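The primary structure of each chain is shown beneath.
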Amino acid sequence: MKLAVMGAGAVGASVLDLAAEYGHEVVAIADSSSAAVDSHGLNPEAVTDRKAETGTVGDHDPADALAADYDVLVEATPTTLGDAEPGYSHVVEAFERDCHVVLANKGPVAERYADVRAAEEASDGDLLFEATVAGAIPALSTVADLGPTHVTAVRGVLNGTANFVLSRMAAEGLDYEHVLAEAQDLGVAEADPSFDVEGTDAALKCVILANVLYDREYTLADASVEGIANLSGSVLELAAEDGRTVRLIGEVQDGEIRVGPRLVPENGTLAVTGTRNIVQLDTAFAGRLNISGRGAGGPETASAVLADVGRLAKR
Amino acid sequence: MSEAVQAYTVRLELVDEPGELLRALEPISENGGNLLSVLHERGNLTPRGRIPIEVDLEATPERFDAIVESLRDAGVNVVQAGAERYSEELVVILSGHLVETDLSETLTHIQGSGEVSVTDVSLSAPGGTGDVSSARLRLATESGGIDGVLDAIDDLAEEKGLRVITPLTEGEA
């Protein structure tokens, strides 16, 4: 398959890097100000070197990448709330050209699910978005295999940054500010960590799961969201005395979405440590499934993107 | 001890281990209860895999309260004592300016919110009582009462600007 990649951050660059490994080629990639286009396939190294040296990926305008001759548009620009732009317009344009769309950007399916599905409906192209929920973990494809109506509940740890902070606080008895600063030094937390620690990122993933499970449109406004910012270390201490710990848990059940810090058994399935994520699915006929792994990272998320591309190639 | 002696029925759940029955009966005589009968339903298991026993006893109301308390202190699972039936237990943690927002009033309010009993409270105030502190509450509610209790606690916490960390009741077997 020929891919056009919108967004040249960690995920976009990794898709460019790994596409050949999966038997596909990237014919265009764009960042916010530039694009590289080559109908015979781009050389990943040349693009990455140029980006490092000049800050641009090529001599073209970003719009040229969108207009290139590709089979699948990979949307990997940063997630935005509300109108989900510019990702949403990229999706619509690809569908208008009857191309497939694979999302790493959560915005379009978390904030404008009905619009995106309508654009897909009117197109010969199909939409997949495995990478939007828990990075490398095959959450959505597992739901698709089980059948969304056979999944009675989904819950899990869906944000690695928040989980890192909570598990370090519990293990070391350190306070929130201290651990957050450490996470920022390690590159686990961003300079502005609010998206992660306020629960927004986990909530968007739950919204996407709810959209898939219930086949109606949910947005962030439908989720009850509480974060872990400034959580007192004494909470973790009291939890530990009782054989429990605290995790930022996202839940989708009975049509409701809830994200918040919850008490879980200290050595229980959901008490994953560090940046690890876990998705737990309750099913009607197959009992409970737990899938844990890396929920973020360039190559990890790119592997989910390329798995989607592989699924589209078989259709 | 001016109050009259009454008859009570206490339902307990025991782990299937030697000595458990004796351990469960001791607090009754130690606190001045008069044991009338013990129905030990061995071979019959509760949903939690424990052995149910039913104890009839006589005591004054005051002594009866002491008996139930010492049974719980001894780690015996009291499912029903007199007219009360506590079959579900949960732990929540409250965090925030607990002392300034009157912790004892908070607890009274929770106790008053329905068929719920606060059975244990642990407070942690590393920065002193004027700073943010946290409290772990162990609550016993009647069967099916957990959701209502949690809703009441959520409302109270919102009113007092406290953070509530509730247990994930689903999902962790």
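Scroll up for the structure.
As a starting point, this report considers the structure included with it. What you are looking at is a predicted structure, and each value in this text was computed from that prediction instead of being measured.

Some details on the overall build of chain A
A count of helical and extended segments in chain A gives 13 helices and 12 strands. Against the 2.2 N^0.38 benchmark of 20 Å for 315 residues, chain A shows a C-alpha radius of gyration of 20 Å, consistent with a compact globule. C-alpha extents for chain A along the principal axes are approximately 60 × 45 × 35 Å. Split into buried and exposed, the 315 residues of chain A put 56% on the buried side. Partitioning the intrachain contacts of chain A with sequence separation of at least 6 by distance along the chain shows that 67% fall at a separation of at least 24. When the accessible surface of chain A is summed, it comes to about 12,600 Å², and 47% of that surface belongs to carbon and sulfur atoms.

A closer look at the interface of chain B and chain A
Taken together, the contact between chain B and chain A spans 25 residues of the former and 31 residues of the latter. Interface area for chain B against chain A, summed over the two sides, is near 2,000 Å², with a carbon-plus-sulfur share of 52%. Linking chain B to chain A there are two salt bridges. Put simply, A:Asp242 and B:Arg138 hold a salt bridge, and the shortest N to O gap is 2.5 Å. Those elements that place two or more of their residues in the side of chain B that touches chain A are strand S6 (88-96), strand S7 (116-124), strand S8 (133-141) and strand S9 (163-167) of chain B. Within the side of chain B that touches chain A, the residues separate by chemical class into 12 nonpolar, eight polar and five charged. As judged from the two bridges shared by strand S10 (residues 256-265) of chain A and S9(B), these two strands associate in the parallel manner. Its bridge partner lying in S9(B), A:Arg262 is registered against B:Thr166.

Side note on the sheet that holds strand S6 (residues 127-128) of chain A
Residue and element names in this part refer to chain A. The six strands are arranged S3-S2-S1-S4-S5-S6 in an open sheet whose pairing can be described as mixed. Each having just a single partner strand, strand S3 (35-37) and S6 make up the two edges of the open sheet. Packed on one face of the sheet, helix H4 (residues 87-96) meets strand S1 (2-6), strand S4 (72-75), strand S5 (100-103) and S6 and runs near 175° to S4.

Section: helix H11 (residues 200-214) of chain A
Residues and elements named next belong to chain A. With 15 residues, H11 ought to run about 21 Å at 1.5 Å a step, and its terminal C-alpha atoms sit 21 Å apart, in line with that. In terms of burial, H11 is a largely internal element, 14 of the 15 residues being buried. Following H11 by one or two positions, Asp215 adopts a phi angle in the positive range, close to 50°.

Criteria and cut-off values
Residues numbered from 1 in each chain as written. Chains lettered and ligands numbered in written order. Predicted model: local features only at pLDDT ≥ 70, side-chain atom pairs only at ≥ 80, totals over all residues. Heavy atoms only, no water. Helix = DSSP H or I, 4+ residues; strand = E, 2+ residues; numbered from the N terminus. Rg over C-alpha atoms; globule rule 2.2 N^0.38 Å. Buried < 20%, exposed > 50% of the residue type's maximum accessible area, 1.4 Å probe, protein only. Contact = heavy atoms within 4.5 Å. Areas by Shrake-Rupley, 256 points an atom, 1.4 Å probe, with all protein chains shown as cover. Buried area = accessible area lost by both parts, 1.4 Å probe. Salt bridge = Lys/Arg side-chain N within 4 Å of Asp/Glu carboxyl O. Nonpolar A, V, L, I, M, F, W, Y, C, P; charged D, E, K, R; others polar. Pairing = 2+ DSSP bridges. Axes fitted to C-alpha atoms, helices over the stretch in contact; angles between N-to-C directions. Expected span 1.5 Å × (residues − 1).

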